[in-house]
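# Breakdown of the fold
Here's the letter readout for the chains.
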Amino acid sequence: MIEKTKVQRVAEAPSTQAIAKSPLGRTPAVDTGERDPLDLIAEEFADLCRHGRKPSVKDFQRRYPQHAEELGGLLSAVGQMESLKRLRKPTSDILPLLEQMPQTIGDYKILREIGRGGMGIVYEAEQASLGRRVALKILPTAARSDPDKRERFLREAKAAARLHHTNIVPVFGVGEDGGVPYYVMQYIRGCGLDDIVHGWKNKTPSVVKPHNWTIIARLIARAADALDYAHREGVLHRDVKPANLLLDAEGHLWITDFGLAKLMDEHTLTATGHILGTFQYMAPEALAGKSDSRTDVYGLGMTLYEMLTGRMPYEETNPAALVKLIGASDPPSPRSVEPKVPRDLETICLKAIAREPSRRYSSAAVFAEDLRAYLVGRPISARRLSPFGRARLWCNRNPIVAGLSAAIVMTLALSTFFGWSMYLKTKQSLANENKQKLAVEEQRQEAIDRRNDAEQATRKYEENLALSLGAIEKILEIISDEEPMRPPPPGEGGPGGRGGLGGRLGGPPERLGPPKGPNGPANADREAKAMARASSDVKMLEEVLAFYEKFAQVNTGNPKLKFDAARAYRHVADIHYALDRPEQGKIAIETAVRMLEELRDVYDRDLVRKELEMIGDRGENRKRRGPPRPRE
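Values in this document were obtained by computation on a predicted structure and should not be read as measured data. (Residues numbered from 1 in each chain as written. Predicted model: local features only at pLDDT ≥ 70, side-chain atom pairs only at ≥ 80, totals over all residues. Heavy atoms only, no water.)

### Remarks on the overall build of the chain
Applicable threshold: A run of H or I in DSSP becomes a helix once it reaches four residues, and a run of E becomes a strand once it reaches two; helices and strands are each numbered from the N terminus. A 1.4 Å probe rolled over the protein chains alone gives each residue an accessible area, and that area as a share of the maximum for its type sets the label: buried under 20%, exposed over 50%, partly exposed in between. Contact between two residues is taken to exist if any of their heavy atoms lie within 4.5 Å; hydrogens are not considered. What sets the accessible areas is the Shrake-Rupley method with a 1.4 Å probe; for residues, cover comes only from the shown protein chains.
Of regular secondary structure, the chain possesses 21 helices and 15 strands. Out of the 632 residues in the chain, the part that is buried amounts to 42%. Long-range contacts, defined here as pairs at least 24 residues apart, represent 64% of the contacts in the chain between residues at least 6 apart. As presented, the chain carries roughly 34300 Å² of accessible surface, and 55% of it is formed by carbon and sulfur atoms.

Pasting the structure below:
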């Protein structure tokens, strides 16, 4: 069910309600505070119309400037509805208003009434002087006393008389007889396009068959040519509809009834805010009294719509609801009503009836050109509106609803964005945390592996070091046993000439020469072998020492390893001195001292001190003994 609009509520309001005097006439009762101010204003306007007054829309806009923009279309529609309501009176009430058909007017004999409308009555007549049938239009009796209607009637005659086109009904003359204004037009034997559509609905024979898209497009193209000509001549029709498009017996189209025509160079009669034309075919901007060439394009597009679908653009009959539909919605697309309509023809129709004037054809000529392109199979210039374009137009028409919808969508979008962002952030944090846990676990496992490797290497080192130190002692014993050394001078060195390993290594030993006697060569040979074996053992010991020295350098954080390496260097120095290699011995001693000095504050002080004292004592002994004596 369609919600009632302000105009509809005003139209249904009783006219017997209490009213009070106002500068323009009558106003509604005092507002209770619960009704819309526009309802009260429209009700006041309607009440004045019911009492025979002719209120001005502009006067009401000046009285209520805060509602001026809304009142323009609203009050015009209210006035139009009040006029329609008066025409709906029972026949017994309007019979007195119907005037008798005159017998003659001037040179014309009236034969019959063809039709009547708000701007005049049309008769079929015969011109006595020329003996030809004509259409005679006169101004009704009730309108003759109204200067505006009389002027508008004469303007219609003037507008039609200045147009000479093969598709516009020509005007033969204008006159007045006994105070009755009239003008004479060519009589067209045929029917209106509205009768043709009505015949389709009733399935009666017609000069145009339904679904004959080619003929329909050709007829509308001719009408567009005629309207374009009128526009170029400075005339707007403003009431283009099927009833004003006549089709004669030869299939020729005629545009008639310029009763609402407007001369573009005259602006004296139709004020902004007046609604003129038939609601079903009125452009939305015409509801506010605005019109230009695109307004006629809209009416012709609606005529094409009815010819394509076989139905009126809007099925609503209530004037107030119809005004609301025209101003706020589009009719269904032609193919949704009649699927057989060609797509290009539907596209042309939709462009012609676009609600926004800027989206319509810029002129009737462009409209006709697209129709002819369809007829010959050429591409049309009209393009279907994309979903994005339709959404944009809907937002322009409904800014408040669009704004609220946009706010809701934006809120949902932001909520979704932030929610998704938090989800991704949380997911990333969990992933990072798991990654860190894995890294910590890998580091812990690596530390355990390094510790196990270090423990294993330390055990191996200690085992090898014990073997190495034992090898050093063995080498020293071999050297001392197989290499006779000269005893140190009295008072120096250790006890005995050859006693004690420490005494013999206290300084560079003095080697004895080859013994005298027959065994001298044998002793010399034994001494040479011993020297060769000692050199081999020292080389092996140096290789072992280099390995452990490198191991100690890598494990600088282990003081015990450095201390054992320093001890090993001291023993190697003893070997070098024993083998008359003082330079290598000095280097080994310096290395041992340096390593022990570095351990003074990080290892057992007593052990380091004793080891340094031992190295120092041996150095003093070497100084007292002096350089080794040469061999004999």
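On we go.
### Looking at a nonpolar patch on the surface
For clarity, the threshold we go by: Each patch is built from residues lacking any salt bridge and having more than 30% relative accessible area; the joining distance is 9 Å for like charges and 5 Å for nonpolar side chains (Val, Leu, Ile, Met, Phe, Trp, Tyr). In the sections that follow, a salt bridge refers to a side-chain nitrogen of Lys or Arg positioned within 4 Å of a carboxyl oxygen of Asp or Glu.
The grouping of Met-410, Leu-414, Phe-417 and Phe-418 at the surface amounts to a nonpolar patch, some 430 Å² of accessible area in total. Residue placement: Leu-414 occurs in helix α16 (residues 399–482).

### A short note on the sheet that holds strand β11 (residues 245–248)
As a reminder, the rule being used: Between any two strands, at least two bridges found by DSSP are needed for them to pair. To obtain each axis, a line is fitted to C-alpha atoms, and for helices this fit is confined to the stretch in contact; angles are then taken between N-to-C directions over 0 to 180 degrees.
Spatial strand order, β9-β11-β12: 3 strands in an open sheet with antiparallel pairing. Each edge of the open sheet carries a strand with a single partner, namely β9 (190–192) and β12 (253–255). The average undirected angle you get between the axes of adjacent strands in this sheet is 30°. Summarising the sheet, β11 and β12 pair through 3 bridges and their orientation is antiparallel.

### Focus on the packing of helix α10 (residues 293–309) against helix α13 (residues 343–352)
To keep things clear, this is the line we draw: In this scheme, a crossing is called left-handed if the near helix is turned counterclockwise away from the far one by less than a right angle; it is called right-handed if the turn is clockwise. Each residue receives one of three labels: charged for Asp, Glu, Lys and Arg, nonpolar for Ala, Val, Leu, Ile, Met, Phe, Trp, Tyr, Cys and Pro, and polar for the others, Gly being one of them.
Between α10 and α13, whose axes approach to 8 Å, the crossing angle comes to 145°. Between α10 and α13 lies a crossing whose hand is left-handed. Touching Val-297, Tyr-298, Gly-301, Leu-304, Tyr-305 and Leu-308 of α10 are Leu-345, Cys-349 and Ala-352, all from α13. When the residues that make up the contact of α10 with α13 are grouped by side-chain class, the tally is 8 nonpolar, 1 polar and no charged.

### Quick look at the pattern of salt bridges
Two side chains of opposite charge can pair, provided their charged atoms sit close to one another. What the rule picks out here adds up to 25 salt bridges. As a salt-bridge pair, Lys-137 and Asp-257 come within 3.2 Å of each other at their nearest N and O atoms. Here the residue Lys-137 occupies a position in strand β6 (residues 132–138), and Asp-257 occupies one in the loop between β12 and β13 (262–263), the gap between them amounting to 120 residues. On the accessibility criterion, Asp-257 (27% relative accessible area) is partly exposed. Linked by salt bridges that have partners in common, Arg-112, Glu-124 and Arg-133 make up one network.

### Considering unusual backbone geometry
Although it is not a glycine, His-211 adopts a positive phi angle of roughly 65°. Since its relative accessible area comes to 34%, His-211 is described here as partly exposed.

### Quick look at α13
In an α-helix there are 3.6 residues to a turn, and that puts residues three or four apart on one side. Residues of α13 that are buried: Leu-345, Glu-346, Thr-347, Ile-348, Cys-349 and Ala-352. Here the buried face of α13 lies against α9 (213–232), α10, α12 (334–337) and α14 (364–376).

### Regarding the environment of Ile-353
Along the chain, Ile-353 falls in the loop between α13 and α14. Between the C-alpha atom of Ile-353 and that of Ala-283, which follows or precedes it by 70 residues, the distance is 7.9 Å. Residues in contact with Ile-353, not counting those within four places in the same chain, are Tyr-298, Gly-301, Met-302, Tyr-305 and Pro-331.

### As for the packing of α9 against α10
Heads up, the condition is: These descriptions rest on fixed angle ranges, namely under 35 degrees for roughly parallel, over 145 for roughly antiparallel, 65 to 115 for roughly perpendicular, and the rest for oblique.
The contact between α9 and α10 brings their axes to 11 Å, and the two run at 165°. Here α10 runs roughly antiparallel to α9, going by the angle between their axes. In this structure, the crossing between α9 and α10 has a hand that is right-handed. Contact residues: α9 offers Trp-213, Ile-216, Ile-220, Ala-223, Ala-224, Leu-227 and His-231, while α10 offers Ser-293, Asp-296, Leu-300, Thr-303, Leu-304, Met-307 and Leu-308. When grouped by side-chain class, the residues that make up the contact of α9 with α10 number 10 nonpolar, 3 polar and 1 charged.

### Thoughts on α9
Note the following rule: Under the convention used throughout, the expected extent of a helix is 1.5 Å for every residue step, that is, one less than its residue count.
Compared with the 28 Å implied by 1.5 Å per residue over 20 residues, the 28 Å span of α9 between its first and last C-alpha is a close match. Burial of α9 is extensive: 14 of the 20 residues sit out of reach of the surface. In the stretch just after α9, Gly-234 is the one whose phi turns positive, near 85°.

### With respect to the packing of aromatic side chains
For clarity, the threshold we go by: Only Phe, Tyr and Trp rings take part, Trp by its six-membered ring, and two of them pair if their centres are within 6.5 Å. Stacked means planes under 30 degrees apart, edge-to-face means over 60, and tilted covers everything else.
Going through the model one piece at a time under the given rule, you end up with 8 aromatic pairs. Taking the centre distance of 5.4 Å and the plane angle of 80° together, the rings of Phe-45 and Phe-60 count as edge-to-face. One end of the pair, Phe-45, is in helix α2 (residues 37–50); the other, Phe-60, is in helix α3 (residues 57–63), with 15 residues separating them in the sequence. Summarising the burial analysis for this pair, Phe-45 and Phe-60 share the class buried. Ring centres of Phe-563 and Tyr-603 lie 5.2 Å apart, and the angle between their planes is 35°; on these two criteria the pair is classed as tilted. Here Tyr-603 lies in the loop between α20 (582–598) and α21 (605–625) and Phe-563 lies in helix α19 (residues 559–578), a separation of 40 residues in the sequence. Residue Phe-563 is classed as buried on the basis of its relative accessible area, which comes to 6%. Judged by its relative accessible area of 24%, Tyr-603 falls in the partly exposed class.

Function-wise, these values are silent; they only describe arrangement.
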